[in-house]
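One-letter residues, chain by chain:
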Amino acid sequence: GLTHFFFLLSVLTMTIGNLTALRQTNLKRLLAYSSIAHAGTIFIGLLSNNSLGREGAMIYGLAYTLMSMGAFSIVIMVSRMKGSDDIEAVQGLAKEHFPLAILMLVFLLSLSGIPPLFGFLGKFYVFSAAIESRMFLLVGIGLLNSVIAVYYYFRIVHKMFFEDATMPVVHPLNGKWPIRFVAVVAALGVIIFGIFPHKIFSWVQQSAQFLP
């Protein structure tokens, strides 16, 4: 019935989102398709139909909001600097603008589910809930999709830190304080909530009981 429908929806959104993101050369499109895949992972928590799953879905949702907000803000700043949204725009970013590269690294590691960042916590809760509900096939598909995502996120990391810039800076990043502020706050949230999860757990547990 409805459980099978959401199972299929979760698998399709994760798989199609990640496989499409894998082929993108445009950073904004890559992040947009990866967000579809993350929505599929949130579905796993809801499908688990237990309190851990509901809490996991909320934690993952909060983590993804911070991660995507931060990553998109960096991409917007880089595209203004280079006049391009292409993945080549981030090549050599660590040498040209180290703080931006470090912020983007935090978001990409968290999106990949690397501990001790907030994204890892979300994935851990969601997958733990699915294991508790004995949904082993869904966990397997979810983990396989996580591996695909790690590949294309780390491709961006490699370009930022280990390749030389091929695009000139057309607009120096002067000012732009509001968007820089968003990126820094998002990065702090990703780090702090990942290392000190108790700061958010009590709020999530109280809120999760109102979910169906």
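Anything mentioned here points back to the structure above.
Residues numbered from 1 in each chain as written. Predicted model: local features only at pLDDT ≥ 70, side-chain atom pairs only at ≥ 80, totals over all residues. Heavy atoms only, no water.

Here's the deal with the overall build of the chain
And step 1. From N to C terminus, the chain includes nine helices and zero strands.
And step 2. Walking the chain from its N terminus toward its C terminus, one meets helices and strands in the order α-α-α-α-α-α-α-α-α.
And step 3. Taking 17 Å as the expected radius of gyration for a compact globule of 212 residues, we find that the chain reaches 18 Å, a close match to that expectation.
And step 4. In terms of its C-alpha atoms, the chain occupies a principal-axis envelope of roughly 55 × 35 × 25 Å.
And step 5. Here the chain holds 212 residues, and the buried ones make up 50% of them.
And step 6. Long-range pairs, those at least 24 residues apart, make up 80% of the contacts in the chain between residues at least 6 apart in sequence.
And step 7. Accessible surface for the chain amounts to roughly 10,100 Å². Of this, 71% is attributable to carbon and sulfur atoms.
And step 8. Here the chain contributes 14 positively and 8 negatively charged side chains, and the mean placements of these two sets differ by 5 Å. (Helix = DSSP H or I, 4+ residues; strand = E, 2+ residues; numbered from the N terminus. Rg over C-alpha atoms; globule rule 2.2 N^0.38 Å. Buried < 20%, exposed > 50% of the residue type's maximum accessible area, 1.4 Å probe, protein only. Contact = heavy atoms within 4.5 Å. Areas by Shrake-Rupley, 256 points an atom, 1.4 Å probe, with all protein chains shown as cover. Lys, Arg positive; Asp, Glu negative; His and termini not counted. Charge placed at Lys NZ, Arg CZ, Asp CG, Glu CD.)

Focus: the nonpolar core
And step 1. The biggest cluster of nonpolar side chains holds 61 residues, and the ones touching the most others in it are I74, L100, F107, F118, I156, M160 and V190.
And step 2. A total of 14 residues in this core trace back to one element, the largest contributor, which is helix α3 (residues 51–82).
And step 3. Apart from the residues within four sequence positions on either side, I74 is in contact with L100, L103, M104, F107 and A183. (Core = buried A, V, L, I, M, F, W, Y, C linked by side-chain atoms within 4.5 Å.)

Observations concerning helix α7 (residues 136–162)
And step 1. Between its terminal C-alpha atoms α7 stretches 37 Å, which fits the 39 Å expected from 27 residues at 1.5 Å a residue.
And step 2. Regarding α7, the residues found buried are L138, V139, G142, N145, S146, A149, Y152, Y153, I156, V157, K159 and M160.
And step 3. Contacts made by the buried residues of α7 are with α1 (2–22), α2 (27–47), α4 (93–96), α5 (98–111) and α6 (118–132). (Expected span 1.5 Å × (residues − 1).)

Here we look at the side chain of S68
And step 1. Take S68: it is sitting in helix α3.
And step 2. Classification of S68 by relative accessible area gives buried; the value is 14%.
And step 3. A distance of 3.4 Å separates the side chain of S68 from the backbone oxygen of T65, its partner in a polar contact. (Polar contact = N/O pair within 3.5 Å; in protein donor to acceptor, adjacent residues only side chain to side chain.)

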